[in-house]
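# Observations on chain architecture
Residue strings, one per chain:
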Amino acid sequence: MAMEKNFDAQSAETRLYEAWEKAGCFKAGANAKPEASTFCIMIPPPNVTGVLHIGHAFNNTLQDIMIRWKRMQGFDTLWQPGTDHAGIATQMVVERKLAETQQPTRVEMGRDAFLEKVWEWKGESGGTIINQLKRLGASCDWDREAFTMSGAPNAPADVAGGNFHDAVIKVFVEMYNKGLIYRGKRLVNWDPHFETAISDLEVENIEVAGHMWHFKYPLAGGATYTYVEKDEDGNVTLEEERDYISIATTRPETMLGDGAVAVHPSDERYAPIVGMLCEIPVGPKKLRRLIPIITDEYPDKDFGSGAVKITGAHDFNDYQVAKRGGIPMYNLMDTKAAMRADGKPYAEEAAIAQAIANGEQEFDEAMIAAMNLVPDEYRGMDRFEARKKVIADISAEGLAVMVDHVATDEDGNETVTQVPYVEAKPIMQPFGDRSKVVIEPMLTDQWFVETSKIVEPALEAVRSGATKIMPESDKKVYFHWLENIEPWCISRQLWWGHQVPVWYGPSVVDLDRKPLTSKTKERSDWAYDFEKPVSFCAANFDEATKLADAYYSAFDTKEGATYEYSEEVDAKTAWQPDGHKMPLWRDPDVLDTWFSSGLWPIGTLGWPEQTDELSKYFPTSTLITGQDILFFWVARMMMMQLAVVDEVPFDTVYLHGLVRDAKGKKMSKSTGNVVDPLEIIDEFGADALRFTNASMASLGGVLKLDTKRIEGYRNFVTKLWNAATYGDFKGTFNIAHFDAIPTTTLPLNKWIKGEIAKTRETVDDALEAYRFNDAANALYAFTWNTFCSQYLEFTKPVLDEGTADEAAETKATYAWALDQILIMLHPIMPFVTEEIWGQKARPSMIVHAPWPSYTAADLIDPQADADLSWTVAMIEAIRSARAQMNVPAGAFIPLVVKDMDAAAQAAWDQNEALIMRFARIESIAHVDDLPKGTVALAASGGTFGLPLEGVIDVAAEKARLEKTLGKLAKELGGLRGRLNNPKFAESAPAEVLEETKKNLSLREAEEAKLKDAFARLAEIG
């Protein structure tokens, strides 16, 4: 049965994918040769809440190209799929669904019931992105699909994906016992909507309209100093007596928690007052706190006043200054970012804080954390409402810095008044990427990995080349981040996730509330302290009770104590432990999803069990992922695998950038330039999208997705289909040669074999170097130009007019050549290649066809290669000249030649029919001199020309070209004028600037061609 006229991607893609899955084509080890090497790729696990976006489509296309290529080469391959449980995103989705269906809230139903709802949602909707990846053609081993919450205690029995939970808990406990994980108070990004710490990756820094307020901090006791400003030459420009130091802030509400004012050590303006105290200008006047003026390298003396307020609990830079200077860090806000309303009255707290500032009272972290320095009138207010009140109160007291304001009335009279100094300026504001609320830097108790103790092996692995990072430039980024690494916050205040495996019990203290560690006291001399509990880190509750036994038995002569467990941390206050019953309550936090996904390479392969897959596929081979998660995932996987199993997780890391629109602009819903890959697949087919992805994947290049380009590659799919239908029509599909290389005698067929071998080497070299674009471009150029435009056309005279032997040889060669094209294109365009491959009987589907290993040295016939290459060049030269000179397309014209050498003559003799037919030449004549009116050809082996006198109207063509060149000159002048204008270069958006440069380059290339054509016309008259 003849092939269909067109390739129906929509019907074929689903049918073919189901056939691949049914035949087990993607299973680990499928198509592996005996004693084959392994090749394993770990999919960057998409969020279980996710849907396929263009970044996923790009990333997974590259992975699929590599895995299909290696599978066809006979490697024992595994593409390990799975999804991440996505703590915040999933909890948000389920809470929203509860609200939409008017069910009880998360808090109302409790933790266990809520988690049941999450698992229920996961079973119904959590596989969306997996099904969408299948539409893209991703050939993962779906039977091994992993999930970062598989094996969790509350997981339904039918949840697949192994036992990832055991791996996560085991690693936490072991790292805790080694001192690599600890609980501490540090500054973190805090999301007030979700009431949890979040990672930097979950923060969007957006430029918004902001303000900077300037305030006076009066010096203690009415002290004054001479404030002097000088210019660059040391000349005094301002000298005045001041009783204050001026600061500027974009967040006045945080002034309530100031611990100091800092100036640069070299700032001479403030040298007289360093070490003195100044007054925070807000709060009850009689209770105003005094804070020290200190020096630190952080303040920039040339920015603003050069003085910076230090609020260590609410600013990341201030936090570092406070740590260096031993400045107390007062937390002002609750979990919803409202001003705290707990604790003692402000008068009591302020008195203690003042004693600390005066150096009269020692303090510790717990003491400072409990203090609430929010004045009573601000307590419970939203942070932004508190900001307004702070500004109003300071201004009303006259402690805002004032500046002159000049107003002009209708008559031109000027009036100068003093107004508060407030700068309106754009500021970068951090927002939660899901909550969309302003993120608050907050000092909270969290669990941390002491990354400084595990970072060195990850650095050395890349330094030594054990793991290669591509492109090379990203190595520097990797090194910079790891060499300056901070402790990693791994706890989240959520319910969905791996709950921290730590239980707490009351500590044992003496009657002075000091901790006890042995039986040195009688029972009547000690008590339980719930405010400072002890922790027991264990894999489960039973293990935790054993640790508790070891602790409490030191204080109890009675044996057989029992423990009762509560998930709710607040339940601890209800306990009245006796000698036989002790409460233990579990840490309510869950682990950051990056902690569990940091174990992805070993966790998906069955660790901590020593599975066959773990021994076979780990360490894995290649990681393909985005540059944006180099820190958050890649570097952490490196650290975690080396810390846990002392192995690098992969030998190569290929990093790509963000997929942007055709103009290089970041895609966003607000700008309306987001591209939906599923809509692209519906319109153009998966193969067109995949080929586009491959063609733009230059190592380290900018990824610009243009729908016109996708449309062009759909045309390429059609071109390939047409080449197959032509072969089918000519009977090439009836030849059962499969992968046997045909014997050839005709130069045409010898030549195409050599061209295929060159292309195979180019494609393999490109894929080995992860130059996906070079592989795609080589295949496109060969398939469209060499095979379809040249070889296919050249076979027509042979198949139509040649001998039976010549036709048979050409059919066999055509069929083999088409097969090689299908095989080499299959990793990039799996669907259309499989559909064409299946048009004839085969021993296997193309997904398992053997990848060719022949070389150019094996298949190139030097003489045939030289002759056909010369012939192709000659045809192209003639066609180019005809097009430039505007020769009528259907006209046959003469060719003249002077001094043709032997090689050119031999090539002509061998392929004269091809040249005459495809270049539309009616005759060839050898001449001593080219006749007048001849346009010269750019061809080797002699001097060749086309006598065009009488064929075209030279004068008319000159006039046409002159007119076109004149119009083009105006366009070029305009483009160059814009680019040479400094104002345009400075103010134009980057994408506009780039588009203008691109247009100029295209117009200049067009001008060069037209000028060349005009010069040729000038030569002939």
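Cut-offs and rules
Residues numbered from 1 in each chain as written. Predicted model: local features only at pLDDT ≥ 70, side-chain atom pairs only at ≥ 80, totals over all residues. Heavy atoms only, no water. Helix = DSSP H or I, 4+ residues; strand = E, 2+ residues; numbered from the N terminus. Buried < 20%, exposed > 50% of the residue type's maximum accessible area, 1.4 Å probe, protein only. pLDDT = per-residue confidence, 0-100. Contact = heavy atoms within 4.5 Å. Axes fitted to C-alpha atoms, helices over the stretch in contact; angles between N-to-C directions. Parallel < 35°, antiparallel > 145°, perpendicular 65-115°, else oblique. Left-handed = near helix turned anticlockwise from the far one by under 90°. Nonpolar A, V, L, I, M, F, W, Y, C, P; charged D, E, K, R; others polar. Core = buried A, V, L, I, M, F, W, Y, C linked by side-chain atoms within 4.5 Å. Pairing = 2+ DSSP bridges. Salt bridge = Lys/Arg side-chain N within 4 Å of Asp/Glu carboxyl O. Phe/Tyr/Trp six-rings, centres within 6.5 Å; stacked < 30°, edge-to-face > 60°. Polar contact = N/O pair within 3.5 Å; in protein donor to acceptor, adjacent residues only side chain to side chain. Right-handed = clockwise from strand over helix to strand, strands pointing away. Arc of directions from axis to C-beta. Lys, Arg positive; Asp, Glu negative; His and termini not counted.

A cis geometry characterises the amide bond from Trp-607 onward to Pro-608, with omega recorded as 20 degrees. With respect to the element layout, Pro-608 can be found in the loop between α16 (600-603) and α17 (612-617). For the peptide bond that leads from Phe-618 to Pro-619, omega is 0 degrees, which places it in the cis range. With respect to the helices, strands and loops of the structure, Pro-619 is situated in the loop between α17 and β27 (620-626). With a phi close to 60 degrees, Glu-35 is a non-glycine residue in the positive phi region. Take Glu-35: it is sitting in the loop between α1 (9-22) and β1 (38-42). Even without being glycine, Asp-646 reaches a positive phi, approximately 60 degrees. Secondary-structure assignment places Asp-646 in the loop between α18 (630-645) and β28 (650-656). A relative accessible area of 61% means that Asp-646 is categorised as exposed.

The predicted model of the protein chain averages 90 in pLDDT, with 94% of residues at 70 or higher. Note that residues 519-523 has pLDDT below 50 and, in this model, eight contacts with residues that lie over four places away or in other chains.

The next subject is the packing of helix α21 (residues 707-729) against helix α23 (residues 772-801). It is the contact of α21 with α23, at a shortest axis distance of 11 Å, that shows an interaxial angle of 30 degrees. The angle between α21 and α23 falls in the class roughly parallel. Regarding α21 and α23, the two cross each other, and that crossing is left-handed. Residues Tyr-713, Asn-715, Phe-716, Lys-719, Leu-720, Ala-723 and Tyr-726 of α21 form the contact with α23, whose own contacting residues are Asn-777, Leu-779, Tyr-780, Thr-783, Trp-784, Phe-787, Cys-788, Leu-792, Thr-795, Lys-796 and Leu-799. Among the residues forming the contact of α21 with α23, the class breakdown is 12 nonpolar, four polar and two charged.

Before going further, it helps to spend a moment on the nonpolar core. Counting residues in hydrophobic clusters, the biggest one holds 196 residues, and the most contacted among them are Phe-172, Tyr-478, Phe-595, Phe-772, Phe-787 and Leu-946. The greatest single-element share of this core, amounting to 12 residues, is contributed by α23. With residues up to four places along the chain from it excluded, the contact list for Phe-172 reads Ile-181, Trp-447, Ile-490, Val-500, Pro-501, Val-502, Cys-537, Leu-591 and Phe-595. In terms of nonpolar packing, the next biggest core, distinct from the first, is built from 38 residues, Ala-197, Val-282, Met-333 and Val-390 among them.

Taken in spatial order, the four strands line up as β32-β31-β34-β33 in an open sheet, and their pairing is mixed. The outermost strands of the open sheet, each flanked by one partner alone, are β32 (921-926) and β33 (934-936). The mean angle between the axes of side-by-side strands here comes to 30 degrees, regardless of whether they run parallel or antiparallel. Direction of pairing for β33 relative to strand β34 (residues 943-947): antiparallel, over a ladder of three bridges.

Evaluated as defined, the whole model comprises 51 salt bridges. Here Lys-616 makes a salt bridge to Asp-76, at a shortest N to O gap of 3.3 Å. Of this pair, Lys-616 sits in helix α17 while Asp-76 sits in strand β2 (residues 76-80), placing them 540 residues apart in sequence. In this structure Asp-76 comes out as buried when scored by relative accessible area, which is 10%. A salt bridge links Arg-144 to Glu-613; its shortest N-O distance comes to 3.7 Å. In this pair, Arg-144 sits in the loop between α6 (128-136) and β4 (146-147) while Glu-613 sits in helix α17, placing the two residues 469 residues apart along the sequence.

The next point concerns the packing of aromatic side chains. With the rule as written, the count across this model stands at 43 aromatic pairs. Measuring from ring centre to ring centre gives 6.0 Å for Phe-114 and Trp-495, while their planes differ by 65 degrees; the resulting arrangement is edge-to-face. Of this pair, Phe-114 sits in helix α5 (residues 111-125) while Trp-495 sits in the loop between β21 (491-492) and β22 (502-510), placing them 381 residues apart in sequence. A single burial state applies to Phe-114 and to Trp-495, both of which are buried. Three or more aromatic residues joined by ring pairs make a cluster, and in this case those are Phe-172, Tyr-176, Trp-447, Trp-488 and Phe-595.

Taken across its eight residues, helix α25 (residues 830-837) has eight buried, putting it largely inside the fold. Among all positions of α25, only Pro-830, Phe-831, Val-832, Thr-833, Glu-834, Glu-835, Ile-836 and Trp-837 are buried. If you follow the buried residues of α25, they end up packed against α1, α2 (54-72), α6, α20 (686-695), α21 and α24 (804-825).

Along the chain, Ser-246 turns up in strand β10 (residues 244-249). Under the relative-accessibility criterion, Ser-246 is labelled buried at 7%. The sequence separation of Ser-246 and Tyr-854 amounts to 608 residues, and the corresponding C-alpha distance is 77 Å. Look past the residues within four positions of Ser-246 in its chain and what remains in contact with it is Phe-215, Ser-305, Ala-307 and Val-401.

Of all five residues in β34, four are buried; the element is thus mostly enclosed. Judged from the three bridges that link them, strand β31 (residues 893-898) and β34 form a sheet pairing that is antiparallel. Considered in β34, the bridge of Val-897 is made with Phe-944.

Any two packed helices are characterised by how steeply their axes cross, that is the angle between the axes, and by the distance between the axes. Two elements in contact, helix α12 (residues 455-463) and helix α13 (residues 473-483), have axes separated by 10 Å at closest approach and are oriented at 160 degrees. Of the possible angle classes, the one that applies to α12 and α13 is roughly antiparallel. Crossing handedness for the pair α12 and α13: left-handed. When α12 is examined against α13, the residues Val-455, Ala-458, Leu-459, Val-462 and Arg-463 are found in contact with a partner set consisting of Lys-475, Tyr-478, Phe-479, Leu-482 and Glu-483. The class makeup of the residues in the contact of α12 with α13 is seven nonpolar, no polar and three charged.

Moving on, we come to the environment of Ser-869. Along the chain, Ser-869 falls in helix α27 (residues 862-884). Residue Ser-869 is classed as partly exposed on the basis of its relative accessible area of 32%. Sequence separation between Ser-869 and Lys-708 is 161 residues, and the spatial gap between their C-alpha atoms is 32 Å. Here Asp-865 takes part through its backbone oxygen, which lies 2.6 Å from a polar atom of the side chain of Ser-869.

Attention shifts here to the pairing of β32. Two strands pair when backbone bridges link them, and β31 and β32 are joined in this way by five bridges, in the parallel orientation. Bridge assignment links Val-897 to a residue of β32, and that residue is His-926. Considered for its hand, the β-α-β crossover made up of β31, helix α28 (residues 902-918) and β32 is right-handed.

This part takes up helix α19 (residues 677-684). All of the buried residues in α19 are Pro-677, Leu-678, Ile-680, Ile-681 and Phe-684. Down the axis of α19, the buried set is contained in an arc of 155 degrees. They therefore lie on one face. What points out from α19, more than 90 degrees from its buried face, is the exposed set Glu-679 and Glu-683. Looking at the buried side of α19, the elements it contacts are α1, α2, α6, α20 and α21. Where α19 begins, the side chain of Asp-676 points an oxygen toward the backbone nitrogen of Leu-678, at a separation of 2.9 Å. Among the residues trailing α19, Gly-685 stands out with phi positive, at a value near 95 degrees.

Moving on: the side chain of Asp-318. Among the secondary structure elements, Asp-318 is positioned in helix α8 (residues 316-325). No salt bridge forms around the buried Asp-318; measuring N to O, its nearest opposite-charge neighbour Lys-309 is 5.2 Å away. Aside from chain neighbours lying at most four places away, what touches Asp-318 is Tyr-298, Val-308, Lys-309, Ile-310, Thr-311 and Gly-312.

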